[in-house]
Amino acid sequence: MNRTDGSGPARASTRAGHGAGPQRRSHRCGPVRTRTRTRTRTRTRTRTRHHQPLPSGGAEPPHRPFAAPPVRRTAREDAVVDQPARTTPRPAERIRLRRELTAEPWALTLALLLALASTGAALALPLLVRTIITDFSAHRPLGTDVLLMCAAATAGALAQALSSFLLARIGERMTYRLRTRIMEHTLRLPLAVVRAQGTGELTARITSDALLLRQVVDVATQLPLAALTVTATLLVMVWIDWILTVVTVVAFAALTALVLLIVRRMKANVTGQQDAVGRIAQRFTADLEALSTIKAYRAEPMAARALAEDAERLRAVSLVGGRLNSLIPAVLTLGNQLALIAVILAGGARMATGGLQAAAFAAFLLYLLQTVPSISALATGFGRLQSGLAARDRCTDLLAIAPEAEPQDAERTVPPPPLDVPSVVFKSVSFTHTGSRDAALRGVSFSTGRTGLTAVVGPSGAGKSTTLSLIDCFVRPASGSVTVLGRDTAHWPLNALRARIAYVDQAFTLIEATARENLQLGRTEPADDVELAAALDAVGLTEDIARLPRGLDTPLGRECDLSGGQRQRMALARALLSDAEIVLLDEPTSQLDGLNEQRFRTIVADLAATRAVIVVAHRLSTVQDAHHVIMMNHGTVVDAGDHLTLLERCPPYRELVTSQAILTP
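Cut-offs and rules
Residues numbered from 1 in each chain as written. Predicted model: local features only at pLDDT ≥ 70, side-chain atom pairs only at ≥ 80, totals over all residues. Heavy atoms only, no water. Phe/Tyr/Trp six-rings, centres within 6.5 Å; stacked < 30°, edge-to-face > 60°. Helix = DSSP H or I, 4+ residues; strand = E, 2+ residues; numbered from the N terminus. Buried < 20%, exposed > 50% of the residue type's maximum accessible area, 1.4 Å probe, protein only. Lys NZ or Arg CZ within 6 Å of the ring centre and 35° of its normal. Expected span 1.5 Å × (residues − 1). Core = buried A, V, L, I, M, F, W, Y, C linked by side-chain atoms within 4.5 Å. Polar contact = N/O pair within 3.5 Å; in protein donor to acceptor, adjacent residues only side chain to side chain.

Novice: Can you tell me about the packing of aromatic side chains, naming the residues and giving the values?
Specialist: Overall, the coordinates contain 2 aromatic pairs when judged by the stated rule. With a centroid separation of 4.5 Å and an interplanar angle of 15°, the aromatic rings of Phe426 and Phe446 are classed as stacked. With a gap of 20 residues between them, Phe426 in strand E1 (residues 424–431) and Phe446 in strand E2 (residues 441–448) connect regions that are remote in the sequence. Phe446 shares its class with Phe426; the two are buried. For the pair Phe474 and Tyr503, a centre-to-centre distance of 5.2 Å together with 75° between the ring planes defines the contact as edge-to-face. In this pair, Phe474 sits in the loop between helix H14 (464–471) and strand E4 (479–484) while Tyr503 sits in strand E6 (residues 501–504), placing the two residues 29 residues apart along the sequence. Classification of Tyr503 as partly exposed rests on a relative accessible area of 26%. A cation over an aromatic ring shows up here: Arg487 above the ring of Trp492, its NZ or CZ 5.7 Å from the ring centre.

Here is the structure:
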């Protein structure tokens, strides 16, 4: 059994890091709280009261680039440093469509002017037709009138095309702004919120919801233009014959009432459709991520049935929307036909009595036919507007969820932490996962050294990974406090805190980026090729990366990906390249063979020489090399000490070690 001897100066220095001096320990196995030599107290307030300078805490380690000599701060500066750095996050401002539409005022103004010009040309055509009919009757030449009519039609078409292009560009830019805003906000949400919402549901916000919002640009310009066209047309129709205009208005009024009844129900239906789309997208995304497990257990029929049920719910709610949408054109067609019949009958009667000329009646009919598309645009536009408003409300609900921290917190700086404080201190920390009735942690207290290797061990479900999540502020304690580098996590700006922590999760997650970018996540300055090569060589990945199509510049995650063991070593290389003061490793050796595990132990030893390394471990080899071991069970700290001490006095730890010794060939 290979182990690092804990005797001599090495052990003394290690214990000093975790709390030197006499410590009262019970020889029975029970909760033990490790203590540091320097008691935790409100240093800043003490120095402010006595006007003392900050202690330098000794020289910074050579690998830390921000070492600075101690400076004397004023009481006001001390008070600023001591107050909570993270303010209460505020929800993002709701989506205001009017402001989004007017973000490009000149382009929108030009598009509206062109649309007005197109509308004016369309309004001029019936009057030109009336003139042509009159000239026919008087046997006058028609050349000028025909040219004017052709010119008006051509100019109107060109103006409409250019206006549509400008509106499309405005709409796409608005959609881009909203998509990027929603995506950036989602990335800053707490992990628990993202998991509760679901990846598929969140994806629907930037896909189907964004497309519905895109329609608002067209509708927002079509509705006023259509209303203007109808109004102007009615005014011209009143000028031609006011009696026929009254008949037309009465017919269209009945049509409008029916359309409004239908549109009122469309918004709720669109919201239901989008919710159903989000649910089916979430389930399908989860099934694709677990596809290997589904195939291995021949669970394709079960997964397909669940997806079919979601698809059926989407079909049912979409069918209701389809019925509503089908009613609008039917009602419009019926209303237009009734209006046309009424106008023809009334116009024929007036022509028979001599109250209306044939040319005027022809112009009136043309205006009536020209009004029909505008009225249809108004009716369908209101329906599309309801869809866009429903999508806006869904996106606004997401933006209303407060992020982890305010954006300005990322710009706040904190002084370099002193060297005489533990890296992590838990004080009576309790935590319960959302939706769980049992606490994951109950009154957990422990501390880890400023440097050195700390192993957190225990059976599955003991709360080991939860402690790492609390250190990196993925979740917040329900009670108690977590102190990192001498500062409560509630007072750390998240950006500054996570800049001092390197985290390797159980899944050894890599992002969809190149191998070079994955290796340099979290670095303030890019690493050169020599540093990258040294890190890859340390974890035994040099040849594997060289075999990729473009080496370090190969995108990972789709066509080219790494195996589980390679991803694990890539994550370790990333931690090796980081300049973090604390390294968190969650089950880092689960997919390593004997040779690579030995490399891992060498890497951890190098890291622990100048940094605090906290590893959740099950393998006995990792525990034996640890300077400090924290034994957890059922969400509590059972005992803490070095390997030999716990082996001697802590029965649960001894059982854990014995079980591995029996299982190890």
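Novice: Please set out helix H13 (residues 358–399) residue by residue, giving values where relevant.
Specialist: The end-to-end C-alpha distance of H13, which contains 42 residues, comes to 61 Å, matching closely the 62 Å that a straight helix rising 1.5 Å per residue would cover. The buried fraction of H13 is high, at 31 of 42 residues.

Novice: Could you give me a rundown of the nonpolar core, with the residues and numbers involved?
Specialist: By size, the foremost hydrophobic cluster in this structure holds 62 residues, and its most contacted members are Ile240, Leu255, Val259, Ile328 and Leu332. Listing elements by their share of this core, those giving two or more residues are helix H4 (97–101), helix H5 (105–138), helix H6 (143–187), helix H9 (208–240), helix H10 (242–289), helix H12 (300–352) and H13. Top element by residues in this core is H13. It accounts for 17 residues. In terms of nonpolar packing, the next biggest core, distinct from the first, is built from 48 residues, Ala455, Leu532, Ala575 and Met631 among them.

Novice: Give a detailed account of the side chain of Asp241, specifying residues and quantitative values.
Specialist: Looking at the element boundaries, Asp241 is found in the loop between H9 and H10. Asp241 sits in the buried class, given a relative accessible area of 5%. In this structure the side chain of Asp241 is engaged in a polar contact, spanning 3.2 Å, whose partner is the backbone nitrogen of Ile243. A polar contact of 2.8 Å, which involves the side chain of Asp241, links it to the side chain of Arg350.

By themselves these figures say nothing about function.
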